[in-house]
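What the coordinates show
Residue-level listing of the chains:
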Amino acid sequence: MNTCRHRKETQQRFENYGGERIHSDYDEFIDKDHNLLALSEEPLPMEAWFDWKKALHRTAEKLRIRKIIETLPVVFEQYKMNLELNISFSKKEKEAQPCTNILPTPSCAGGK
């Protein structure tokens, strides 16, 4: 039956990528969250939480949301202007100017 073969393949891939890490201290978001908070222009109070990693992530997430909210009016105005002037929204234009910022900015908010 195909299900058994797929299950075995999935288990093998899982083992190849390190298997289960029950007691691992590694968190894939810590570096991203730390870098984001370090780039902040103002000091931010840490979110209270039982686990410091989760507190860091929650604080960074609040900053991301706040920055997106700040950027949305500018992006919406640009969108409306593009519609009024019949400027296309082609993928080629977006690919030509990739956004590498962690925080969204008006110049690259559409790239993230």
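Here, every reference points to the structure presented above.
Overview of the structure. (Residues numbered from 1 in each chain as written. Predicted model: local features only at pLDDT ≥ 70, side-chain atom pairs only at ≥ 80, totals over all residues. Heavy atoms only, no water.)

**Comments concerning the overall build of the protein**
- Summing up its helical and strand segments, the protein has four helices and zero strands in all.
- Counting from the amino terminus, the protein carries its helices and strands in the arrangement α-α-α-α.
- Taken over 112 residues, the protein has a buried fraction of 17%.
- For the protein, the share of sequence-separated contacts (at least 6 apart) that also reach a separation of at least 24 residues comes to 47%.
- Accessible surface for the protein amounts to roughly 9700 Å². Of this, 56% is attributable to carbon and sulfur atoms. (Helix = DSSP H or I, 4+ residues; strand = E, 2+ residues; numbered from the N terminus. Buried < 20%, exposed > 50% of the residue type's maximum accessible area, 1.4 Å probe, protein only. Contact = heavy atoms within 4.5 Å. Areas by Shrake-Rupley, 256 points an atom, 1.4 Å probe, with all protein chains shown as cover.)

**Some words on the nonpolar core**
- Residues I30, L36, L37, L56, A60 and L63 constitute the largest nonpolar core, which totals six residues.
- For this core, the secondary-structure elements that each account for two or more residues are α2 (30-38) and α3 (52-84).
- If we ignore the near neighbours within four places in the chain, the residues touching L63 are L36, L37, S40 and L44. (Core = buried A, V, L, I, M, F, W, Y, C linked by side-chain atoms within 4.5 Å.)

**Thoughts on the packing of aromatic side chains**
- One pass over the structure, following the stated rule, counts two aromatic pairs.
- Aromatic pair F76 and Y79: ring centres 6.2 Å apart, planes at 25°, arrangement stacked. Remark: Y79 and F76 occur in helix α3; sequence separation between them is three residues, near one turn of the helix.
- Judged by its relative accessible area of 40%, Y79 falls in the partly exposed class.
- Geometry around W49 places R58 over its ring, the cationic atom sitting 3.9 Å from the centre. (Phe/Tyr/Trp six-rings, centres within 6.5 Å; stacked < 30°, edge-to-face > 60°. Lys NZ or Arg CZ within 6 Å of the ring centre and 35° of its normal.)

**Details of a nonpolar patch on the surface**
- A cluster of nonpolar side chains, F76, Y79, L83 and F89, forms an exposed patch at the surface whose accessible area comes to about 400 Å².
- When its relative accessible area of 46% is taken as the criterion, F76 is described as partly exposed. (Patch = residues over 30% accessible without salt bridge, like charges linked within 9 Å, V, L, I, M, F, W, Y side chains within 5 Å. Salt bridge = Lys/Arg side-chain N within 4 Å of Asp/Glu carboxyl O.)

**Comments concerning α2**
- Among the residues making up α2, those that are buried are I30, D33, L36 and L37. Along α2, the residues classed as buried sweep out an arc of 135° about the axis, all on the same side. What points out from α2, more than 90 degrees from its buried face, is the exposed set K32 and A38.
- Buried-residue contacts for α2 involve α3. (Arc of directions from axis to C-beta.)

It is worth stressing that arrangement in space is one thing and function is another; only the former is reported here.
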